[in-house]
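Descriptive analysis of the structure
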Amino acid sequence: MSLFVGLDVGTQGCKAVVYDDRLHQVVSRGSYPYDILKSKVPGRAEQHPSLWIEGGFSAMKAALSAVDPKKVKGIGISGQQHGFVPLDKQGGVIRNAKLWCDVESAPEARDLSKKWSWTLVPGFTASKILWLKNNEPDNWAKLANVALPHDYFNYYLTGRLCMECGDASGTGVFDTANRVFDKERMSSIDSSLHTFFPDLIGPNDVVGTLRPEVAESLGLSKDVQVAPGSGDNQMSALGSGAVREGLWVMSLGTSGTLFGATKQPILDPSGGVSPFCSTDGQWLPLLCTMNCTTVTEEARRAFGMDHATITPLAEEQEPGCDGVNFLPYITGERTPNWPNSTGVLSGLRPGSLKPGVVYRAALEGATYSLLRGLKLMEAYGVSAEELRLVGGGSKNPLWRRIIADSFQLPIRFPVEPESAALGGALQAAAVYNQEPVADYITAHEPGTTDEVVEPNPSNKQKYEEAYERHVKYGEALFENTGAGKV
């Protein structure tokens, strides 16, 4: 028996699992919550990387306390994508990391989009790098190394700074089709930028082994291998078993994401579909919306209710909420690229402003934003046969039903809720056993529960009409008028 640790370094905390490769299941877990640094600067979202180290080590120690640490052979790190960790020549952190949800760099994203004739959303790393150059020249002068959140964690564990194609494909300066950095794009930001990026490693390479002080802190052997890791979406795909075409993962968290494995890259110049590589040698086209569970939280807090109380009230409402739509862009939006958009309630009539109506409209609005992404991907020949639903919002039975009926697809639910952390552990097991990652996961596919939510065809038309309103109103307010743009 060998054990493997998977750690997800997220926006709201770190979550760790320990995977037993003989039982092929998670045998222990740990977590550590934290938050984004508070700021009065519009659009700013930052964390200091030391917070990730503190949270990650606390979560791993909690998980390791229930197992024999001598049997741990590998660690795989999942990290929030796109975050910019600026490092100096000594590998020291220069300033707080700007996160995926930071849209302070929207002007830089706009400028780069014009240069590249390709829509770069503010969430991507490239815009944050240019923001540093434009706004903090003293810090820019210190910059010698660019890291992403999971790269930094690997660096802390092993002393080696490197990247892999999955997470690197979210920087905006990566040639997804050819799996190499795009030096022309890099040069359009700064002629020296290509020297700041580390080497790329392959999906089955080993980053290194643990530094002695790290091994001692965790109670592990210094021979424990650190796998390449990747972004949280890539690792969630592994942890959900999405390594074959037709099986798509939808994650309902702070952000909403929809992604699945493909044999060919999807290159969308509008920026609506993120052109990601997977972490197993395939591609992973992905849609990411900035407003998902934040919208449902906003709705239930407005009425002073918890989800368990307000959900039955929402279940009493008809699909489509009798014409009420909640455009969910309360923090601006990256998909569509409307960073200055806002949340909007439309279609209100006397008696409409009730908890159940507003909450259901919030659930539906967040769902329609994701549905729009699938329709965009279908235009590139991608098709979905089944959804695997993960994330905190996936526990809501009404939301499950809304998604199944809106997408007209069956939904299944992974047994392990921490799919990104499990993906890290599975990748570490595959690398240790010298098996291609996709092959290992196909042979040991993560389990799903017995529950399957089948779509109800009788609700299809109502959701289609509500979806069409969602698109129409959003474009009228934020696209056609330019009000959502910078």
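Residues numbered from 1 in each chain as written. Predicted model: local features only at pLDDT ≥ 70, side-chain atom pairs only at ≥ 80, totals over all residues. Heavy atoms only, no water.

1. Focus: the pattern of salt bridges
Note the cut-off: Counted as salt bridges are all cases of a side-chain nitrogen of Lys or Arg within 4 Å of a carboxyl oxygen of Asp or Glu. Helix and strand assignments come from DSSP, with helices taken as H or I runs of at least 4 residues and strands as E runs of at least 2, each series counted from the N terminus.
On inspection of all chains with the given rule, the structure shows 24 salt bridges. Between Arg300 and Glu297 there is a salt bridge, with its nearest N and O atoms 2.8 Å apart. Taken together, the positions of Arg300 and Glu297, both in helix H10 (residues 293-302) and 3 residues apart, correspond to about one turn of that helix. If you follow the salt bridges from partner to partner, you end up with Arg44, Glu46, Arg95, Lys98, Asp102, Glu104 and Glu136 in one network.

2. Side note on the packing of aromatic side chains
Aromatic rings considered in pairs are described by the distance between their centres and by the relative angle of their planes. This is how the line gets drawn: Only rings of Phe, Tyr and Trp enter the pairing, Trp through its six-membered ring, and a pair is recorded when the two centres are within 6.5 Å. The plane angle decides the type: under 30 degrees is stacked, over 60 is edge-to-face, the rest tilted. Ring-over charges, as used throughout, are those where CZ of Arg or NZ of Lys falls within 6 Å of the ring centre and within 35 degrees of the ring normal.
For the coordinates displayed, the defined rule picks out 13 aromatic pairs. Seen from their ring centres, Tyr368 and Tyr467 are 6.3 Å apart, and the 75 degrees between their planes marks the pair as edge-to-face. A residue pair is termed long-range when its members are at least 10 positions apart, and Tyr368 in helix H12 (residues 355-378) and Tyr467 in helix H16 (residues 460-479) qualify at 99 residues. Members of the aromatic cluster, joined through ring pairs, are Phe57, Phe153 and Tyr156. The ring centre of Trp283 lies 4.5 Å from the NZ or CZ of Arg179, which sits over that ring.

3. Quick word on the packing of helix H11 (residues 307-315) against H12
Put simply, the rule reads: In this analysis, axes come from line fits to C-alpha atoms, helices being fitted only over the stretch in contact, and the angle between any two N-to-C directions falls in the range 0 to 180 degrees. Any angle that falls under 35 degrees is termed roughly parallel, while one over 145 is termed roughly antiparallel, one within 65 to 115 roughly perpendicular, and all others oblique. The contact criterion used throughout is that any non-hydrogen atoms of two residues lie within 4.5 Å. Amino acids are sorted into nonpolar (Ala, Val, Leu, Ile, Met, Phe, Trp, Tyr, Cys and Pro), charged (Asp, Glu, Lys and Arg) and polar (every other residue, Gly among them).
Contact pair H11 / H12: the axes reach a minimum separation of 8 Å and the direction vectors enclose 90 degrees. Taken together, the axis directions place H11 and H12 in an arrangement best described as roughly perpendicular. Packed against H11, whose contacting residues are His307, Ile310, Thr311, Leu313, Ala314 and Glu315, the element H12 presents Pro355, Gly356, Tyr359 and Arg360 at the interface. Each residue belonging to the contact of H11 with H12 can be placed in one class, and the counts come to 5 nonpolar, 3 polar and 2 charged.

4. Details of the UniProt feature "domain: Carbohydrate kinase FGGY N-terminal" (unreviewed entry) in the protein
Definition in use: UniProt positions are given in the numbering used here, feature names are shortened, and annotations may be inferred rather than shown by experiment.
Here the UniProt-annotated "domain: Carbohydrate kinase FGGY N-terminal" (unreviewed entry) positions come out as residues 4-239. The distance from the first to the last C-alpha atom of residues 4-239 is 13 Å, and the span holds 34% helix and 23% strand.

5. Let's talk about unusual backbone geometry
One non-glycine residue, His24, lies in positive phi territory at about 55 degrees. Secondary-structure assignment places His24 in the loop between strand E2 (13-20) and strand E3 (25-33). Phi is positive for Cys321, which is not a glycine, with a value near 55 degrees. Tracing the sequence through the fold places Cys321 in the loop between H11 and strand E19 (325-328).

6. Describing the nonpolar core
As a rule of thumb, nonpolar side chains are buried together in soluble globular proteins. Spelled out, the test is: Among buried residues, the Ala, Val, Leu, Ile, Met, Phe, Trp, Tyr and Cys ones that are joined through side-chain atoms within 4.5 Å form a nonpolar core. The rule is simple: take the accessible area with a 1.4 Å probe, protein chains only, and divide by the maximum for that residue type; under 20% is buried, over 50% is exposed, in between is partly exposed.
Ranked by internal contacts, the top residues of the largest apolar core, which has 45 residues, are Met250, Leu252, Leu258, Leu387, Ile403, Phe407 and Ile411. Within the residue set of this core, elements represented by two or more residues are strand E16 (247-252), H10, H11, H12, strand E21 (386-390), helix H13 (397-407), strand E22 (411-414) and H16. Element by element, the count of residues in this core is highest for H12, at 12 residues. If sequence neighbours within four positions are ignored, Met250 has contacts with Thr257, Leu258, Leu370, Leu387, Arg388, Leu389, Val390, Ile403 and Phe407. Listed in part, the 44 residues of the second largest apolar core include Ala16, Ile77, Leu87 and Tyr152.

7. Remarks on the layout of surface pockets
The line we're drawing: Lining residues are those with an atom within 4 Å of a point, where the points come from a 1 Å grid over the protein atoms alone and group into cavities, where a 1.4 Å probe fits but cannot get out, or pockets, open sets with protein on both sides within 12 Å along at least five of seven lines. Grid points are joined across faces, edges and corners, and a volume is the space filled by probe spheres set on the points.
Put simply, the largest pocket is a space of about 980 Å³. Along its surface, the largest pocket is lined by 44 residues, and Lys15, Ser251, Gly253, Gly391 and Gly392 are the ones closest to its centre. Partitioned by chemical class, the residues of the lining of the largest pocket number 14 nonpolar, 21 polar and 9 charged. A volume near 590 Å³ is recorded for the second largest pocket. In terms of lining, the second largest pocket is formed by 25 residues, of which the most central are Ile36, Arg44, Ala45, Cys101 and Thr331. Of the residues in the lining of the second largest pocket, the class split is 13 nonpolar, 8 polar and 4 charged.

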